[in-house]
Amino acid sequence: MAVMSVRLLPVLCLALLSLRGSAAYDPDDIALLQAAQVPSPYGSLWPLPQAVQISPDVYYIPPGEFSIVHGAGSTAGPTCVVLEKAFQRYYDYMFGYEQRDGRDVDASAPSSGRLLQLEVVITSKENECHKYPHINSDESYKLIIDDSGAVLQASQVWGALRGLETFSQLVYRDSTGAFTVNKTHIADAPRFSHRGVLLDTSRHFLPLKTIFLNLEAMSFNKMNVFHWHIVDDQSFPYQSALFPELSNKGAYHPFTHVYTPVDVRMVIEYARHRGIRVVPEFDSPGHTSSWGKGQKDLLTPCYTDGQPSGTYGPINPILNSSYCFMDELFQEISLVFADQYIHLGGDEVDVSCWKSNPDITKFMSEHGFGTDYRKLESLYVQRLVIIYFLLSLEGSSSMCLHTWLITVPCDPWR
């Protein structure tokens, strides 16, 4: 029954190769290798669902006659593009190669005990067919394969996508070459609502096809958040409509190593069809060297012996123009990216440049910060939070007009 899915083999191989590299295996490694050769009672299910019952009873699937369809009573139908594309995609995952190579795969299947259809039933009126996945998406599902047929039931389309992945993992080929699936009852829901993978496309630019491959791999593992670390010190590949010089001067190459608004929308849509959120990260006030190349007076001028050194540090947190820029940039980002969240970074801020700048040290003294630059960084981050909070309420924070923010002491909410 337990034949490993071809899609899982690279994962296992990488895991085993990473144990010792070319060094000799120790006893624990040998035990792991031996365990990997023992058939799992759950077949190739990954990750293991919450509740699984798999029977030795087998049903044969003739690919030429098999189909994935909307079940009776489902609130979704042919207009649900997410499911329609998923039906075709998962059919191809399971049988596409065999159909394309011209083999008569149906001939090897017995004439009795056949499974000809998987019915997908969405139960909620709020099936979210035409929405984007979010933090509260319902990814639960039930899958039953028995003598009466195969039914995948989910409240929303996101659960159906996870159930289709599970069904595809259950399908295997027996010793005769026939596609088979065991009698199965599964009830599943994720333990964690955020199951993410981060890709850094600033330090190492990744073409769209590579991002798509990663999203595909995420769907195989039922991951649901693509944390897109899109910009950093090294480069600014995000092509802004409002601030085109950011990528023109900050990207590795202004034409070949950028993500246009169309590229971003393609990534978001590709991810949506796999139940994956796209959460962008625009890290600041540190990690912004590339930003300063295309945005004048954004970064803090550094000083040596009381004179400008010609180098620059983090974003200048005492200028209202800095917040005006961030306000406008975030307005654009909130329109381009569909998710309600954005990652603001805030890590690894080198404050040595701030310490050297006389305007900033004066600001610190005037606001009672002393020499605690954590308070200055905290003030900056809190102001960014205000920007995004106001954007979520109004669609525009008008931060350029909020000059009161620059005059308050350490609590910008007062």
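What you are looking at is a predicted structure, and each value in this text was computed from that prediction instead of being measured. (Residues numbered from 1 in each chain as written. Predicted model: local features only at pLDDT ≥ 70, side-chain atom pairs only at ≥ 80, totals over all residues. Heavy atoms only, no water.)

## Side note on the overall build of the protein
Next, step 1: Counting its regular elements, the protein contains twelve helices and twelve strands.
Next, step 2: Considering the protein as a whole, with its 414 residues, one finds that 48% of them fall into the buried category.
Next, step 3: Contacts spanning at least 24 positions in sequence make up 74% of the contacts within the protein whose residues lie at least 6 apart.
Next, step 4: Here the protein displays about 19,800 Å² of accessible surface, and carbon together with sulfur accounts for 56% of that area. (Helix = DSSP H or I, 4+ residues; strand = E, 2+ residues; numbered from the N terminus. Buried < 20%, exposed > 50% of the residue type's maximum accessible area, 1.4 Å probe, protein only. Contact = heavy atoms within 4.5 Å. Areas by Shrake-Rupley, 256 points an atom, 1.4 Å probe, with all protein chains shown as cover.)

## A short note on the nonpolar core
Next, step 1: Grouped together as the largest cluster of nonpolar side chains are 43 residues, with contacts concentrated most on Phe 226, Trp 228, Tyr 238, Phe 282, Trp 291, Phe 330 and Phe 337.
Next, step 2: Of all elements in the fold, only α5 (208-220), β9 (225-229), α7 (261-272), α9 (320-336) and α12 (373-394) reach the threshold of two or more residues within this core.
Next, step 3: Broken down by element, this core gets its largest block of residues, seven residues, from α9.
Next, step 4: Those residues in contact with Phe 226, other than ones at most four positions away along the chain, are Val 197, Leu 199, Ile 211, Leu 215, Met 218, Val 267, Ile 276, Arg 277, Val 278 and Val 279. (Core = buried A, V, L, I, M, F, W, Y, C linked by side-chain atoms within 4.5 Å.)

## What to know about helix α4 (residues 157-170)
Next, step 1: Between its first and last C-alpha, α4 extends 20 Å over 14 residues, near the 20 Å set by a 1.5 Å rise per residue.
Next, step 2: A large share of α4 lies buried, amounting to 14 of its 14 residues. (Expected span 1.5 Å × (residues − 1).)

## Regarding the pattern of salt bridges
Next, step 1: Enumeration over the complete set of coordinates arrives at eleven salt bridges.
Next, step 2: For Glu 139, the salt bridge is made with Arg 162, and the minimal N-O distance between the two is 2.8 Å. Here Glu 139 is found in the loop between β3 (117-122) and β4 (141-146), whereas its partner Arg 162 is found in helix α4, with 23 residues between them in sequence. Side by side, Glu 139 and Arg 162 carry an identical accessibility label, which is buried.
Next, step 3: A single salt-bridge network, built from bridges that share partners, covers Glu 139, Arg 162 and Arg 195. (Salt bridge = Lys/Arg side-chain N within 4 Å of Asp/Glu carboxyl O.)

## Considerations on the state of the cysteines
Next, step 1: Under the counting rule described, the total for this entry stands at two disulfides.
Next, step 2: What pairs with Cys 80 in a disulfide is Cys 129, and their sulfur atoms sit 2.2 Å apart. Judged by the torsion about the S-S bond (-95°), the Cys 80/Cys 129 disulfide is left-handed. Residue Cys 80 is found in the loop between β2 (67-70) and α3 (81-100), and its partner Cys 129 is found in the loop between β3 and β4; the two are separated by 49 residues along the sequence. Take Cys 80 and Cys 129: they sit in the same class, and that class is buried.
Next, step 3: One disulfide in the model links Cys 302 with Cys 353; its S-S distance is 2.1 Å. Judged by the sign of its S-S torsion, about -115°, the cystine formed by Cys 302 and Cys 353 is left-handed. Here Cys 302, found in strand β11 (residues 299-304), pairs with Cys 353, found in helix α10 (residues 352-356); they are 51 residues apart in sequence, far enough to count as distant. (Disulfide = S-S within 2.5 Å.)

## Considerations on the sheet that holds strand β8 (residues 196-200)
Next, step 1: Spatial strand order, β8-β9-β10: three strands in an open sheet with parallel pairing. With one partner strand each, in any of the chains shown, β8 and β10 (277-281) form the two edges of the open sheet. Ignoring which end each strand starts from, the neighbouring axes of this sheet average 20° apart.
Next, step 2: Lying on the sheet, α5 is in contact with β8 and β9; it crosses β9 at an angle near 150°. (Pairing = 2+ DSSP bridges. Axes fitted to C-alpha atoms, helices over the stretch in contact; angles between N-to-C directions.)

## Comments concerning the packing of aromatic side chains
Next, step 1: Under the counting rule described, the total for this entry stands at 20 aromatic pairs.
Next, step 2: Judged by centre distance (5.8 Å) and plane angle (70°), the ring pair of Phe 66 and Phe 95 falls under edge-to-face. Separated by 29 residues along the polypeptide, Phe 66 in the loop between β1 (51-60) and β2 and Phe 95 in helix α3 bring together distant segments of the chain. Accessibility assignment for this pair places Phe 66 and Phe 95 in one class, buried.
Next, step 3: Geometrically, the ring pair formed by Phe 212 and Tyr 270 is stacked, given 4.4 Å between the ring centres and 20° between the ring planes. You can see Phe 212 sitting in helix α5 and its partner Tyr 270 sitting in helix α7, a full 58 residues away along the chain.
Next, step 4: A residue is classified by how much of its surface remains accessible, and Tyr 270, at 22% relative accessible area, is partly exposed.
Next, step 5: The structure contains a cluster of three or more aromatic residues connected by ring pairs, namely Phe 205, Phe 226, Trp 228, Phe 236, Tyr 238, Phe 243, Tyr 259, Phe 282, Trp 291, Phe 325 and Phe 337. (Phe/Tyr/Trp six-rings, centres within 6.5 Å; stacked < 30°, edge-to-face > 60°.)

## Description of α7
Next, step 1: Taking 1.5 Å per residue, twelve residues should reach 16 Å; α7 reaches 16 Å between its end C-alpha atoms and fits that length.
Next, step 2: Among the residues making up α7, those that are buried are Asp 263, Val 264, Val 267, Ile 268, Ala 271 and Arg 272.

## A short note on the packing of α5 against α7
Next, step 1: It is the contact of α5 with α7, at a shortest axis distance of 10 Å, that shows an interaxial angle of 15°. Put simply, α5 runs roughly parallel to α7. The crossing of α5 and α7 is right-handed. Residues Leu 208, Ile 211, Phe 212, Leu 215 and Glu 216 of α5 form the contact with α7, whose own contacting residues are Asp 263, Met 266, Val 267, Tyr 270 and Ala 271. (Parallel < 35°, antiparallel > 145°, perpendicular 65-115°, else oblique. Left-handed = near helix turned anticlockwise from the far one by under 90°.)

## Some thoughts on the pairing of β3
Next, step 1: Relative to β3, β2 runs parallel, the two being bridged by four bridges. Across the sheet, Ser 67 pairs through a bridge with Gln 117, a residue of β3.
Next, step 2: Sheet analysis places β3 next to strand β5 (residues 149-154), joined by five bridges and oriented parallel. Its bridge partner lying in β5, Val 121 is registered against Gln 153.

## Remarks on the pairing of β8
Next, step 1: In terms of strand pairing, β8 meets β9 through five bridges, oriented parallel. Looking at the pairing, Asp 200 lines up with His 229 of β9.
Next, step 2: Regarding topology, α5 serves as the crossover connection from β8 to the parallel β9, and that connection is right-handed. (Right-handed = clockwise from strand over helix to strand, strands pointing away.)

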